[in-house]
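# Geometric and topological summary
Each chain, letter by letter, is given below.
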Amino acid sequence: MKRLETFEIDSKKRQVRFIDSNTVKRGVHCDVYEFVGDSSCDLAIVEVQPGQTTPLQLIVQGDKTIEGYVEGSGELSIIAKSGDIKILEFNKHQTGNVVLGVGDTMQWQASENQKLVFYEVCYPSYQEGRFQNLS
């Protein structure tokens with residue numbers, strides 16, 4: 001993936017610094033960034049190859065997690081803490097983000113014929129144990 005120097009969130013362009021890159025699982029790659037001058041949160045840019053999914057993850061720590069669309073095509077499945085299920089479709093015509101919290105479960109899936117790129121902003125910054133992989 002192309003390294004970022006800035007990232008726009010909440011209609012504000014913010015400077016970011018690349019920290020690390022890793023493979024989450026086969027077909028899912030993640031680049032981690034910090035916001036320059038702001039240690040209250042961090043940013044992950046995740047690329048999911050066509051037909052692949054992220055792990056099904058339960059949010060077990062943190063104040064809030066923002067999941068948002070960058071490019072490509074796919075969907076985000078959410079099981080809210082209340083048990084309500086939502087499936088949000090994202091593509092160049094349907095963009096946006098969603099705020100999740102402790103107790104919510106999520107999973108991204110790229111469409112069969114196109115990769116999906118999404119972002120994740122963690123408040124506070126990500127630490128091991130924030131998510132529990134269920135699959």
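Above this text is the structure in question.
Let us look at the structure shown here. (Residues numbered from 1 in each chain as written. Predicted model: local features only at pLDDT ≥ 70, side-chain atom pairs only at ≥ 80, totals over all residues. Heavy atoms only, no water.)

### Quick notes on the sheet that holds strand 10 (residues 105–110)
Short version of the rule: Strand pairing is defined by DSSP finding a minimum of two bridges between the two strands. Labels follow the DSSP assignment, with helices taken as runs of H or I lasting at least four residues and strands as runs of E lasting at least two, numbered in each case from the N terminus. Working convention: axes come from line fits to C-alpha atoms, limited for helices to the stretch in contact. Angles between N-to-C directions cover 0 to 180 degrees.
The strand order across the open sheet formed by 5 strands is 8-7-10-5-12, and the pairing between neighbours is antiparallel. Strands at the two margins of the open sheet, each flanked by one partner only, are strand 8 (85–90) and strand 12 (131–133). Neighbour to neighbour, the strand axes of the sheet diverge by 25° on average, direction disregarded.

### What about the pattern of salt bridges?
Filter applied, for reference: Any Lys or Arg side-chain nitrogen found within 4 Å of a carboxyl oxygen on Asp or Glu counts as a salt bridge. Note on classification: 1.4 Å probe, protein chains only; a residue is buried when its accessible area is under 20% of the maximum for its type, exposed when over 50%, partly exposed between these limits.
One pass over the full model with this rule turns up 4 salt bridges. A salt bridge links Arg 14 to Asp 38; its shortest N-O distance comes to 2.4 Å. On the criterion of sequence distance, the pair formed by Arg 14 in strand 2 (residues 12–25) and Asp 38 in strand 4 (residues 38–48) is long-range, its members being 24 residues apart. Among the residues examined, Asp 38 registers a relative accessible area of 22% and is labelled partly exposed. Glu 47 is the partner of Lys 115 in a salt bridge, and the nearest nitrogen-oxygen pair spans 3.2 Å. Placement of the pair is Lys 115 in the loop between strand 10 and strand 11 (116–123) and Glu 47 in strand 4, with a sequence separation of 68 residues. On the accessibility criterion, Glu 47 (15% relative accessible area) is buried.

### What about the side chain of Arg 14?
The cut-off we apply is this: Two N or O atoms count as a polar contact when they lie within 3.5 Å, although within protein this holds only if one can serve as hydrogen donor and the other as acceptor, and sequence-adjacent residues are included solely when both atoms are side-chain atoms. What makes two residues a contact is simply this: any of their non-hydrogen atoms within 4.5 Å.
A distance of 2.4 Å separates polar atoms of two side chains, one belonging to Arg 14 and the other to Asp 38. Leaving out residues up to four positions away in the same chain, Arg 14 has contacts with Glu 5, Thr 6, Phe 7, Ile 9, Phe 35, Asp 38 and Cys 41.

### Side note on the environment of Gly 51
For Gly 51, the position within the fold is in the loop between strand 4 and strand 5 (57–59). Sequence-wise, Gly 51 and Ala 110 are 59 residues apart; in three dimensions their C-alpha atoms are separated by 5.3 Å.

In short, geometric facts, not functional conclusions.
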